[in-house]
Amino acid sequence: MENRKIVYPFIAGLLFLTLFSFQDSKAQSFNDAFSPNGSLLWVVGNNGVIYRSNDAGNTFSNRSTGSSDYFTITGIANLYLWVAGSGGTLLRSTNAGINFTSVVIDPGEIITALSFTDGNNGWASTAAGKILKTTNGGLNWLNTGAPVNTYLNNVKFSSGSNGYAYGKNGVLMITSNGGVNWSLLTLPLNSEIFTAEVSGNYIYASTINGIVLKSSTSGSSWVNLIYPSNVKPDLFGLKVVS
């Protein structure tokens, strides 16, 4: 029996960590999770693994499809779902995951993250440093022409205009026009950005050796946050709650 850890998203100010058991030889790794309401939970992983829970993770049904490694899943409410990963493959559902259709975003590319603001408008980051955009729910995609060619860990949009992306070599870039133009920020180091959060003029970024950088000037200047811990591991999670 395979035991796999799943981390829930932040729900009502709480972070839950639960250990579930799966009797599935394909469930070697889970890469991402999505929950629109705390009860419905989706998890994806390597080798085509997709699981769904309707009861906050107490039981799961196997919805695995294909053989791609799925690195990211996101959705809008309980209706729209998008899953992507290796081979430039995207799975999309408009009926709460009852059925998925497959779309090839960029043949041979690795899709590292997805961000959608509604059922039509979405963005995808890739291992080659591309930011792709769709305006029809994932059926068609265009390259926004991001000014980097390095591995991007994530892309996040809070609206149809405002978004940001980050990855290796200290790459952190923002846009205020939906990805038509990107501004590449200058950080005080060029290490990999594991996670970042943007809230108004404030930007937070975590990188190697537990370093957390903060800017209150939209990225024009930075300070290294000091927190009370003798151990400084790499930090892969960061969340601004207010």
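These notes cover the structure that comes with them. (Residues numbered from 1 in each chain as written. Predicted model: local features only at pLDDT ≥ 70, side-chain atom pairs only at ≥ 80, totals over all residues. Heavy atoms only, no water.)

1. Here we look at empty space enclosed by the protein
Turning to step 1, where the next piece is worked out: Following the criterion strictly, the structure yields one cavity of 30 Å³ or more and no others.
Turning to step 2, where the next piece is worked out: Approximately 30 Å³ is the volume found for the largest cavity.
Turning to step 3, where the next piece is worked out: Around the largest cavity sit Phe34, Pro36, Leu40, Trp42, Ala77, Asn78, Tyr80, Leu81 and Ala96, which together line it.
Turning to step 4, where the next piece is worked out: The residue inventory of the lining of the largest cavity, partitioned by class, reads eight nonpolar, one polar and no charged. (1 Å grid on protein atoms, 1.4 Å probe; cavity = no way out; pocket = protein on both sides within 12 Å on 5 of 7 lines; lining within 4 Å. Points joined across faces, edges and corners; volume = space filled by probe spheres on them. Nonpolar A, V, L, I, M, F, W, Y, C, P; charged D, E, K, R; others polar.)

2. Looking at the packing of aromatic side chains
Turning to step 1, where the next piece is worked out: With the rule as written, the count across this model stands at nine aromatic pairs.
Turning to step 2, where the next piece is worked out: Judged by centre distance (6.1 Å) and plane angle (85°), the rings of phenylalanine 30 and tyrosine 51 are edge-to-face. Highlighted residues: phenylalanine 30 in strand β3 (residues 30-34) and tyrosine 51 in strand β5 (residues 50-53), separated in sequence by 21 residues. Across the pair, tyrosine 51 and phenylalanine 30 agree in class, each one buried.
Turning to step 3, where the next piece is worked out: A centroid spacing of 6.2 Å and a plane angle of 90° characterise the contact between phenylalanine 116 and tryptophan 141, whose relative ring orientation is edge-to-face. Of this pair, phenylalanine 116 sits in strand β11 (residues 111-116) while tryptophan 141 sits in the loop between β13 (131-134) and β14 (142-143), and the two are 25 residues apart along the sequence.
Turning to step 4, where the next piece is worked out: The rings of Tyr80, Trp82, Phe116 and Trp141 are connected pair by pair, giving a single aromatic cluster.
Turning to step 5, where the next piece is worked out: Above the ring of tyrosine 151, the side-chain terminus of lysine 168 is found at 5.1 Å from the ring centroid. (Phe/Tyr/Trp six-rings, centres within 6.5 Å; stacked < 30°, edge-to-face > 60°. Helix = DSSP H or I, 4+ residues; strand = E, 2+ residues; numbered from the N terminus. Buried < 20%, exposed > 50% of the residue type's maximum accessible area, 1.4 Å probe, protein only. Lys NZ or Arg CZ within 6 Å of the ring centre and 35° of its normal.)

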